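Fold and contact review
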Amino acid sequence: MSIVHNRKATHDYFIEERYEAGLALDGWEVKSIRAGRAQIADGYVIVKGGELFLIGAHVSPLPTVSTHFIPDPTRSRKLLLHAEEIKRLIGKVEQRGYTLVPLDLHYKKGRIKLEVGLGRGKQQHDKRADKRDKEWNREKQRLLRSR
């Protein structure tokens, strides 16, 4: 079940591979995400010290967060993957043109997971071609339904 989907990612990148990663979250973040107060559109994934971190994702704190704790909504969150997956991703990110993009925040067996995509950036003419294809497919479906 999807919580937040990053539609901007498929518009800006060719997604070649997808990985499912766990997130190291605080208790208040889990409550906020379950309440639907998360945003990953501005987020990206970086490699630091052989580990992967989600940067720029915004989790708005609930008003019921403890009074003696000041939450940071855009803090960096560690991604939890198998060591061999991390090594493979680090190797590909160091190649020219690849980046890691958060695609989808969802539940799996009661846990909050993040789908990360290994993507290559699109240029402007690629975006225009995708838009043209999408509009043509929509028009084709409409014509087929009207008959």
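Anything mentioned here points back to the structure above.
Structural notes, computed from the coordinates. Quick caveat, the model's predicted, so the values are computed rather than measured.

**A closer look at the packing of aromatic side chains**
Aromatic rings in a pair are described by how distant their centres are and how their planes are angled relative to each other. Using the criterion set out here, one finds zero aromatic pairs in the structure. One Lys or Arg, Lys-48, reaches over the ring of Phe-53 and ends 5.3 Å from the middle of that ring. A cation over an aromatic ring shows up here: Arg-120 above the ring of Tyr-98, its NZ or CZ 4.3 Å from the ring centre.

**Observations regarding unusual backbone geometry**
One non-glycine residue, Lys-109, adopts positive backbone phi at about 55°. Among the secondary structure elements, Lys-109 is positioned in the loop between strand E8 (98-108) and strand E9 (111-121).

**Some thoughts on the side chain of Asp-104**
One can find Asp-104 in strand E8. No salt bridge is formed by the buried Asp-104, whose closest oppositely charged neighbour, Arg-18, lies at an N-O distance of 7.5 Å. A distance of 2.6 Å separates polar atoms of two side chains, one belonging to Asp-104 and the other to Ser-2. Of note is the side chain of Asp-104, whose polar atom sits 3.4 Å from the side chain of His-106. Leaving out residues up to four positions away in the same chain, Asp-104 has contacts with Ser-2, Val-4, His-5, Ile-40, Lys-113, Leu-114 and Glu-115.

**A closer look at the nonpolar core**
Side chains of nonpolar character tend, in soluble globular proteins, to be buried together. By size, the foremost hydrophobic cluster in this structure holds 27 residues, and its most contacted members are Leu-52, Leu-79, Leu-105 and Leu-114. Contacts of Leu-114, omitting those with residues within four sequence positions, involve Tyr-19, Glu-20, Ala-21, Leu-23, Ile-40, Leu-54, Leu-79, Pro-102, Asp-104, Leu-105 and His-106.

**Focus on the pattern of salt bridges**
The final tally for this structure, using the stated rule, is 11 salt bridges. Among the ionic pairs, Lys-127 bridges to Asp-12, the shortest N-O distance being 3.3 Å. Of this pair, Lys-127 sits in helix H4 (residues 124-146) while Asp-12 sits in helix H1 (residues 7-12); the two residues are 115 residues apart in sequence, bridging distant segments of the chain. What emerges from the salt-bridge pattern is a single network uniting Asp-26, Glu-29, Arg-75 and Arg-77.

**Considerations on the pairing of E8**
Most of E8 sits inside the fold, with nine of its 11 residues counted as buried. The sheet contact formed by strand E1 (residues 2-5) and E8 spans three bridges and is antiparallel. Across the sheet, the residue bridging to Val-4 is Leu-105, located in E8. Across 10 bridges, the pairing between E8 and E9 is antiparallel. If you follow Asp-104 over to E9, its bridge partner there is Glu-115. Here E8 folds back onto E9, and the loop between the two strands holds two residues, one of which, Lys-109, carries a positive phi near 55°.

Conventions adopted
Residues numbered from 1 in each chain as written. Predicted model: local features only at pLDDT ≥ 70, side-chain atom pairs only at ≥ 80, totals over all residues. Heavy atoms only, no water. Phe/Tyr/Trp six-rings, centres within 6.5 Å; stacked < 30°, edge-to-face > 60°. Lys NZ or Arg CZ within 6 Å of the ring centre and 35° of its normal. Helix = DSSP H or I, 4+ residues; strand = E, 2+ residues; numbered from the N terminus. Buried < 20%, exposed > 50% of the residue type's maximum accessible area, 1.4 Å probe, protein only. Lys, Arg positive; Asp, Glu negative; His and termini not counted. Salt bridge = Lys/Arg side-chain N within 4 Å of Asp/Glu carboxyl O. Polar contact = N/O pair within 3.5 Å; in protein donor to acceptor, adjacent residues only side chain to side chain. Contact = heavy atoms within 4.5 Å. Core = buried A, V, L, I, M, F, W, Y, C linked by side-chain atoms within 4.5 Å. Pairing = 2+ DSSP bridges.

None of this, on its own, says anything about what the molecule does.
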